[in-house]
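Below, each chain spelled out in residue letters.
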Amino acid sequence: MGEPLVVLRDVDKHFGPLHVLQHIDLTVHRGEVVVIIGPSGSGKSTLCRTINRLETIDSGTITVDGKELPEEGRELARLRADVGMVFQSFNLFAHRTVLDNVTLGPIKAKGVKSSVAKTHARELLDRVGVGDQAAKLPAQLSGGQQQRVAIARALAMDPKVMLFDEPTSALDPEMINEVLDVMVGLARDGMTMLVVTHEMGFARSAAHRVVFMDGGQIVEEADPETFFTAPTSNRARDFLSKILTH
Ligand SMILES: Nc1ncnc2c1ncn2[C@@H]1O[C@H](COP(=O)(O)OP(=O)(O)OP(=O)(O)O)[C@@H](O)[C@H]1O
Ligand SMILES: [Mg+2]
C-alpha cells in the first residue's frame, strides 16, 4: 500500500439540524480500495461528495494528494480533475455520442488536443468493453454499457482516485456483473478507489478495507473477511443480518 492519498481529518457537516457527518477520520492510501457500507441515510453519499467538494464541510480538513481542496476557481477545477466520480445514475450527456462523452472533459477542462483525446477515449472504451459503441448516443446503450461509459469518462481525466457511489444499484441484475468486473479490473491495475456499495462479492474480491457508517459516523472498519464474518459492533451486526438475509 502506498502513502496516504485522500485524507479526511475530523470532518463535520450539518444539513440544518442534521449532523450528517460526525468527526470523520478516514485515510485512503495510494492503490487502496476502500468500500463504504451502511444503512440508507447514514451519510455515505455525502461523504463521497465532500471529497471533490460537491458538498462543502463545516469543519475539519480534506486533502487529496497532500493538497486541500480550494473553495472555488481554476485551482478547484484542476484538483477536482484528480477525483473521478461515478454515480448511481450515469449522467451522460444525452445528445452527445459515447465518444464525445469521454473526450469532452479532457478537451474542455484540460486543453487536450481533440485527436489525442479521441485516441485515449477509444482505448478506455475498449478497456471497459464498449469500444464498438463509440458512435452511438447514450440512450442506444444498455444501463450496464452506459455505466461503463461513465467509468471511461471519469478515467479520461486521468484521476488519482475514483469514487463510486452505488454504481450498480440502478442496474438490472444481469448488468451488475459487467460493471463490477470493470471495477475489479481497475482495482487490480492499482487504481485508488473509494466505493459505496452493498455488493459483498465486490467487497470480498477487491476491497482492502470495509468502512461501516451509521448515523453520520464511522462505526467500524476492518478487512472484508473480518468485517463480514466477525463484525464487532452491534450496529454492523444488525445491518449485516438485514442485508445478508435478502
Ligand atoms: N442536500 C441535502 N439537504 C438536506 N439534507 C440532505 C441533503 N443531502 C442529504 N441529506 C440528508 O443527509 C442524510 C445522509 O444522506 P446521504 O445521501 O449521504 O445518505 P446515504 O448513506 O448515501 O444513503 P443511501 O444509502 O440512501 O444512498 C440523509 O438523512 C439525507 O436525507
Ligand atoms: Mg447514497
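- Under an unreviewed UniProt entry, the name given to the protein chain is ABC-type polar-amino-acid transporter, and the source organism is Cellulomonas chitinilytica.
- The record held by UniProt for the protein chain lists under Sequence similarities (unreviewed entry) the comment "Belongs to the ABC transporter superfamily."
- Listed under Catalytic activity (unreviewed entry) in UniProt, the entry text for the protein chain is "a polar amino acid(out) + ATP + H2O = a polar amino acid(in) + ADP + phosphate + H(+)".

1. Some points on helix 5 (residues 143-156)
Reasoning step 1: Look at helix 5: 20 Å from first C-alpha to last across 14 residues, which is about the 20 Å you get at 1.5 Å a residue.
Reasoning step 2: With respect to burial, helix 5 is a largely interior element, 14 of its 14 residues being buried.
Reasoning step 3: With its phi angle positive at about 60°, Asp158 sits one or two positions after the end of helix 5.

2. Quick word on the side chain of Glu55
Reasoning step 1: Residue placement: Glu55 occurs in the loop between helix 1 (44-51) and strand 4 (59-64).
Reasoning step 2: Judged by relative accessible area, which is 17%, Glu55 ranks as buried.
Reasoning step 3: If we ignore the near neighbours within four places in the chain, the residues touching Glu55 are Lys13, Phe15, Thr46, Arg49 and Thr50.

3. Some words on the layout of surface pockets
Any empty space left between the atoms is revealed when a probe the size of a water molecule rolls over them.
Reasoning step 1: Computed from the structure, the largest pocket encloses a volume of approximately 520 Å³.
Reasoning step 2: Lining the largest pocket are 20 residues, with Val83, Met85, Arg153, Ala154 and Met157 sitting closest to its centre.
Reasoning step 3: Of all the secondary-structure elements, those providing two or more residues to the lining of the largest pocket are helix 2 (73-80), strand 6 (83-86), helix 3 (98-110) and helix 5.
Reasoning step 4: Here the lining of the largest pocket takes five residues from helix 3, the largest share from any one element.
Reasoning step 5: Here the lining of the largest pocket is built from residues that sort into 13 nonpolar, five polar and two charged.

4. Section: the site of ligand 1
Reasoning step 1: By nearness alone, every residue bordering ligand 1 is listed as Phe15, Leu18, Val20, Pro39, Ser40, Gly41, Ser42, Gly43, Lys44, Ser45, Thr46 and Glu166.
Reasoning step 2: Between ligand 1 and Gly41, the relevant distance is 2.8 Å, taken from an oxygen atom to a main-chain nitrogen or oxygen of the residue.
Reasoning step 3: Lys44 is positioned with one of its side-chain polar atoms (N or O) 2.7 Å from an oxygen atom of ligand 1.
Reasoning step 4: Going through the elements one at a time, strand 2 (18-29) and helix 1 are the ones with two or more residues in the shell around ligand 1.
Reasoning step 5: Counting residues per element, the shell around ligand 1 draws most heavily on helix 1, which supplies three residues.
Reasoning step 6: Taken together, the residues that form the shell around ligand 1 break down as four nonpolar, six polar and two charged.

So, how was this worked out
- For every chain, the first residue of the written sequence is number 1, and numbering continues from 1 onward in sequence order.
- As they are written, the chains are lettered A onward and the ligands numbered 1 onward, keeping that order.
- Totals for whole chains, interfaces and linings use every residue, but because this is a predicted model, local features are given only for residues with pLDDT of at least 70 and side-chain atom pairs only at 80 or more, for both listing and counting.
- The side-chain figures draw on all heavy atoms in the structure; neither hydrogens nor water molecules are used.
- UniProt positions are given in the numbering used here, feature names are shortened, and annotations may be inferred rather than shown by experiment.
- Only DSSP runs of H or I with at least four residues qualify as helices, and only runs of E with at least two residues qualify as strands; both kinds are numbered from the N terminus onward.
- Expected span of a helix: the number of residues minus one, times 1.5 Å.
- Any residue under 20% of the maximum accessible area for its type is buried, any over 50% is exposed, and the rest in between are partly exposed; the area is computed with a 1.4 Å probe on protein chains only.
- Residue contacts are defined here by distance: any two heavy atoms, one from each residue, within 4.5 Å place the two residues in contact.
- Only protein atoms enter the 1 Å grid used here. Points where a 1.4 Å probe fits but cannot escape make up a cavity, open sets with protein on both sides within 12 Å along at least five of seven lines make up a pocket, and a residue lines them when an atom lies within 4 Å of a point.
- Grid points are joined across faces, edges and corners, and a volume is the space filled by probe spheres set on the points.
- For this classification, the nonpolar set comprises Ala, Val, Leu, Ile, Met, Phe, Trp, Tyr, Cys and Pro, the charged set comprises Asp, Glu, Lys and Arg, and every other residue, Gly included, is treated as polar.
- A molecule or strand has a residue near it when one of that residue's heavy atoms lies within 4 Å.
- By the criterion applied in these results, polar contacts are pairs of N or O atoms within 3.5 Å in which, for protein atoms, one can donate a hydrogen and the other can accept it, and in which residues neighboring in sequence qualify only through two side-chain atoms.

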